[in-house]
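# Understanding the architecture of this molecule
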Amino acid sequence: MTTTHGTTPARGSAGRAWGRALLGGIVMAGALGAGNALGEALARLLGADGYARQLLPAVLVSALAVPAVLGLRAVRSVRRLPMGLGPRSAAPLGFLRGLAVTASCAAAVLGAGTALGWVRWSGLDPAALAAFLVSNALVAVLLEALPEEATLRGYAWVSLRDRLGGVVSALGTTVVFLLVPGVSTVVQAGVSRLVGVAPVPMGLSPEGQDPVAYLVLLTVFGLTLVAARTAPGAAPLWTAIGTHVAFLSVNRVVFEGVQRDAGWSAKVAPTHAAVLELGYLAATALVFVVARLVSSLVRARARRLGTRHPSAATAHGVGGWTGGGPLPVPAERDGRPVPDIAWARASSGVARVRAAGAGPQGLSCDRRGARVFRRSGV
């Protein structure tokens, strides 16, 4: 059974769907681990330092993950849902939507924290902050946001959503997301030994972070990214990418600004920092969920109105009269020729008829007095 309007999951093998979702996670973990190890080895070989040393692994991770997952997507014989990349023209708007929503929610929550006395800000260096945001955004997109969203909220989520419901797909994708960091450290340790680079410690969380707090934050972050991925828009995966970049940028400025020379930072107690992080992620997810619900209600209302009044869109639709123009002026009054196809509005609905004897132009009426007019582009 196929999907209906892309919302009803099709019946089929749930096991294969889970297998494809895990495969997406494996691709991401492998690319992240191998890219970081190979990037470090390449930087050492080239003598790269500073920003170039950060950029090389990022480029390699995207180069390994994105083509691999697009290739996996291409070989599937049945693809009911798109990955969400959308047309190229829609990508910038989708990215900016995710960036703006997340940054706005972060500003609101951090502002509330400042008012409560939880956050104490350092002096602002605008030039240093702008430079950091630009350089960090490029690394964040290539190292984490683009490859992770393509493999997880793109390939893995779509694989699950083709067969399963929305809640199960969101939770399943988030579980795969939680497994990626730990598996990537195993891959990175193995590849590092092969290329002669010092291996990183293996574990579910970065060294020095509380594993439970890290997994809780990652869970909320993963669900927020699914909410961004399912938000209305022509390029929803780019909305998730923008959300991902905004989260990394805000956290690195606010909580790691001193270590990263970001030009601005804040002093926050660990407990308050956790509350603020989870708070602005929850607010971001809520905005995307509400936007999706509103969009669904608007579409449902439009379908109901279209079913109840089938003649309205045909007989009185703006643009149908003049071939897409903004004014409700019949084409005949515009002095343009029209095809020999007429539409008649009758009491039982709209019937498609061929004009007979009415001449090439001009309006005519049927025997009930209803207007009959020709419409171009049928």
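No experiment lies behind these values; they were computed from the predicted model shown.

This part is about the overall build of the chain. Secondary structure summary: the chain contains nine helices and six strands in total. Relative to its full complement of 378 residues, the chain shows a buried share of 43%. For the chain, the share of sequence-separated contacts (at least 6 apart) that also reach a separation of at least 24 residues comes to 73%. For the chain, the exposed surface amounts to about 19,200 Å²; the carbon and sulfur share of it is 65%.

Once that is clear, we can look at the packing of helix H1 (residues 14-46) against helix H4 (residues 126-161). Interhelical geometry of H1 versus H4 gives an angle of 165 degrees and a closest axis separation of 7 Å. By the angle class used here, H1 and H4 are roughly antiparallel. For H1 against H4, the interelement crossing comes out right-handed. Taken together, the residues of H4 that come into contact with H1 (itself represented by Ala-17, Trp-18, Arg-20, Ala-21, Leu-23, Gly-24, Gly-25, Val-27, Met-28, Leu-32 and Asn-36) are Leu-143, Pro-147, Glu-148, Thr-151, Leu-152, Tyr-155, Ala-156, Ser-159 and Leu-160. Looking at the contact of H1 with H4 residue by residue, the classes come out as 13 nonpolar, five polar and two charged.

In this section: the pattern of salt bridges. Tallying each qualifying case throughout the model produces four salt bridges. A salt bridge links Arg-53 to Glu-40, with the nearest nitrogen and oxygen atoms 2.6 Å apart. One end of the pair, Arg-53, is in helix H2 (residues 51-75); the other, Glu-40, is in helix H1, with 13 residues separating them in the sequence. In this structure, the salt-bridge partner of Arg-252 is Glu-144, at a minimum N-O distance of 3.2 Å. With Arg-252 in helix H7 (residues 236-254) and Glu-144 in helix H4, this pair connects stretches of sequence that are 108 residues apart. Its relative accessible area of 12% is what places Arg-252 among the buried residues. Taking relative accessible area as the criterion, Glu-144 reaches 16% and is therefore assigned buried.

On the surface, Arg-292, Arg-299, Arg-301, Arg-303 and Arg-304 cluster together into a positively charged patch. On the secondary structure map, Arg-304 appears in helix H8 (residues 270-308). Overall, the relative accessible area of 48% leaves Arg-304 in the partly exposed class.

A cluster of nonpolar side chains, contributed by Leu-22, Leu-23, Ile-26, Val-175, Leu-179 and Val-183, occupies part of the molecular surface with about 490 Å² of accessible area. Among the secondary structure elements, those contributing two or more residues to the nonpolar patch are H1 and helix H5 (166-195). Relative to the helices and strands, Leu-179 is located in helix H5.

Parameters at a glance
Residues numbered from 1 in each chain as written. Predicted model: local features only at pLDDT ≥ 70, side-chain atom pairs only at ≥ 80, totals over all residues. Heavy atoms only, no water. Helix = DSSP H or I, 4+ residues; strand = E, 2+ residues; numbered from the N terminus. Buried < 20%, exposed > 50% of the residue type's maximum accessible area, 1.4 Å probe, protein only. Contact = heavy atoms within 4.5 Å. Areas by Shrake-Rupley, 256 points an atom, 1.4 Å probe, with all protein chains shown as cover. Axes fitted to C-alpha atoms, helices over the stretch in contact; angles between N-to-C directions. Parallel < 35°, antiparallel > 145°, perpendicular 65-115°, else oblique. Left-handed = near helix turned anticlockwise from the far one by under 90°. Nonpolar A, V, L, I, M, F, W, Y, C, P; charged D, E, K, R; others polar. Salt bridge = Lys/Arg side-chain N within 4 Å of Asp/Glu carboxyl O. Patch = residues over 30% accessible without salt bridge, like charges linked within 9 Å, V, L, I, M, F, W, Y side chains within 5 Å. Lys, Arg positive; Asp, Glu negative; His and termini not counted. Charge placed at Lys NZ, Arg CZ, Asp CG, Glu CD.

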